[in-house]
Amino acid sequence: MGIYDRDYIRRPPPGPAQGRSPLASMRMWSVNTWLIVICAGVYFIDEFLPVSYVEMSASHLFEGIPGQPSTAVVTGDPRVVTVSTTDPHGDTQRKQFLGRPVLDRVNGRQIGWVEVAPMHLLRGALYFSTSRGFLRLEFWRFIGFQFLHHDFLHLLMNMIGLYFLGPMVERYLGGKRYLGFYLLCGIAGALMYLALNLGGYVVALFAQRPVEIPGLLFNSPATPMVGASAGVFGVIMAGAFLAPRAVILFMLFLPMRLATFAYIMVAIAFVSLLMSADNAGGQAAHLGGAIAGFYFIRHPKHLHGFFDIVGRVDPTSHHYRGKRGRSVFRRSTARRGQVDRILDKISAGGLHSLTEREKRILREASQRKP
């Protein structure tokens, strides 16, 4: 049986389009389509939004000039700054960055510089970094960064992965669980980056000499991270589980099984992280997303509680209230239990092991709105 013969991969036949409004057509879009549209929309809209200068690190204070952070004020236009620092061994290091003057609020005297970076509005509000997402408790960034991209090529590569593999995973999980799956893989990528960056920061803070530990990230906690790659890596791992023998064209010309491609990509991310490659932080996020994807595609029942926080607007939420809500929730839970058992049976024995009744239940479940 080929990959496109499977129920959770086949597309349903399109219905009549005559008389359908554009808004009604948009409501029929899959979750995967919406993810692609939102990522592309955020990228292109942000290009037209105002640019502001975002503070990226703590102030570089001048030696011998008194000044407390509580009395400091950042003001003035950004300019290219070169500062020199001396390490414990007496070696001088020079750093060049874009900075704004830091003034003493009391006497107006300049006491240093603060490093800044130009960012469009959406990127500045949503990018993830250790200092913003964790130290400043801006938790929305764990999700927001997943819809941002560094440049058009970055956007294109991620959307290609979603376009070709996302529909298969969404049909297997259903739209709602697929959205939870994708966002959780992205969050796992941010958490992996956060853990390794915090580890590197703590080691560098307490070490008496320069130290390198393979796997830790010693870049600044203010370094921004953007991209859907962590979620896409989760989708790739899910695709490798659902259709490991499906053949894809690696680099557009080399035929390769999907499972082989997935584990090669994970190996590249792992080796790049250990060798502290240029994009080691991004590779750490890739690994986090891949680990989450590997786990959740094998335990989809753990995705049900992701949307419980929305309460009444979600009939599958544990917080849904009222007799009708409890009845809907019980029916939904029973149906999900049946589908989960059938999916486990497919995983163990393949699609041919299902009875006609089980195939009918799976087909009806895939046609319901998530």
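Quick caveat, the model's predicted, so the values are computed rather than measured.

### Considerations on the packing of helix α6 (residues 152-173) against helix α8 (residues 229-242)
Two elements in contact, α6 and α8, have axes separated by 9 Å at closest approach and are oriented at 40 degrees. By the angle between their axes, α6 is oblique relative to α8. Crossing handedness for the pair α6 and α8: left-handed. Contacts from His154, Asn158, Gly161, Leu162, Leu165, Gly166, Met168, Val169 and Tyr172 of α6 reach α8 at Ser229, Val232, Val235, Ile236, Ala238, Gly239, Phe241 and Leu242. Residues of the contact of α6 with α8, tallied by class, amount to 11 nonpolar, 6 polar and no charged.

### So, the environment of Gln146
Locating Gln146 in the fold gives a position in the loop between α5 (141-144) and α6. By relative accessible area, which is 1% here, Gln146 ends up buried. As for Gln146 and Leu126, which are separated by 20 residues in sequence, their C-alpha atoms are 8.7 Å apart. Not counting residues up to four positions away in its chain, the partners in contact with Gln146 are Cys39, Tyr182, Leu183, Gly186, Ile187, Gly227 and Ala228. A polar atom in the side chain of Gln146 sits 3.0 Å from the backbone oxygen of Phe142.

### A few points about the side chain of His149
On the secondary structure map, His149 appears in the loop between α5 and α6. On the accessibility criterion, His149 (5% relative accessible area) is buried. Engagement of the side chain of His149 in a polar contact is seen with the side chain of Asn158, the distance being 3.2 Å. For His149, the residues in contact, after removing those within four places along its chain, are Cys39, Tyr43, Arg123, His154, Leu155, Asn158, Met159, Val226, Gly227 and Ala228.

### Some words on the environment of Leu343
Relative to the assigned elements, Leu343 resides in helix α11 (residues 323-349). Sequence separation between Leu343 and Glu358 is 15 residues, and the spatial gap between their C-alpha atoms is 9.8 Å. Other than its neighbours up to four places away in sequence, Leu343 contacts Tyr172, Arg177 and Leu362.

### Description of the pattern of salt bridges
Tallied over the full model, the rule gives 2 salt bridges. Residue Glu138 is joined to Arg132 by a salt bridge in which the shortest nitrogen-to-oxygen separation is 3.8 Å. Residue Glu138 shares its accessibility class with Arg132, and that shared class is buried. Its salt-bridge partner being Glu138, residue Arg141 comes within 2.5 Å of it at the nearest N-O pair. Look at Arg141 and you get buried, because its relative accessible area is 3%. One salt-bridge network, in which partners are shared between bridges, spans Arg132, Glu138 and Arg141.

### Description of the nonpolar core
Membership of the largest hydrophobic core comes to 76 residues, with the highest contact counts inside it found for Leu162, Val169 and Phe181. Take this core: its biggest share by element is 11 residues, from helix α7 (residues 175-206). Not counting residues up to four positions away in its chain, the partners in contact with Leu162 are Asn32, Leu35, Ile36, Pro167, Tyr178, Tyr182, Val232 and Val235.

### Looking at helix α2 (residues 31-46)
For α2, with 16 residues, the first-to-last C-alpha span of 22 Å sits near the 22 Å given by 1.5 Å per residue. Buried within α2 are the following residues: Val31, Asn32, Leu35, Ile36, Cys39, Val42, Tyr43 and Asp46. With its buried residues spanning 150 degrees around the axis, α2 presents them on a single face. Where α2 is buried, its residues touch β6 (110-120), α3 (121-126), α6 and α7.

Rules behind the numbers
- Residues numbered from 1 in each chain as written.
- Predicted model: local features only at pLDDT ≥ 70, side-chain atom pairs only at ≥ 80, totals over all residues.
- Heavy atoms only, no water.
- Axes fitted to C-alpha atoms, helices over the stretch in contact; angles between N-to-C directions.
- Helix = DSSP H or I, 4+ residues; strand = E, 2+ residues; numbered from the N terminus.
- Parallel < 35°, antiparallel > 145°, perpendicular 65-115°, else oblique.
- Left-handed = near helix turned anticlockwise from the far one by under 90°.
- Contact = heavy atoms within 4.5 Å.
- Nonpolar A, V, L, I, M, F, W, Y, C, P; charged D, E, K, R; others polar.
- Buried < 20%, exposed > 50% of the residue type's maximum accessible area, 1.4 Å probe, protein only.
- Polar contact = N/O pair within 3.5 Å; in protein donor to acceptor, adjacent residues only side chain to side chain.
- Salt bridge = Lys/Arg side-chain N within 4 Å of Asp/Glu carboxyl O.
- Core = buried A, V, L, I, M, F, W, Y, C linked by side-chain atoms within 4.5 Å.
- Expected span 1.5 Å × (residues − 1).
- Arc of directions from axis to C-beta.

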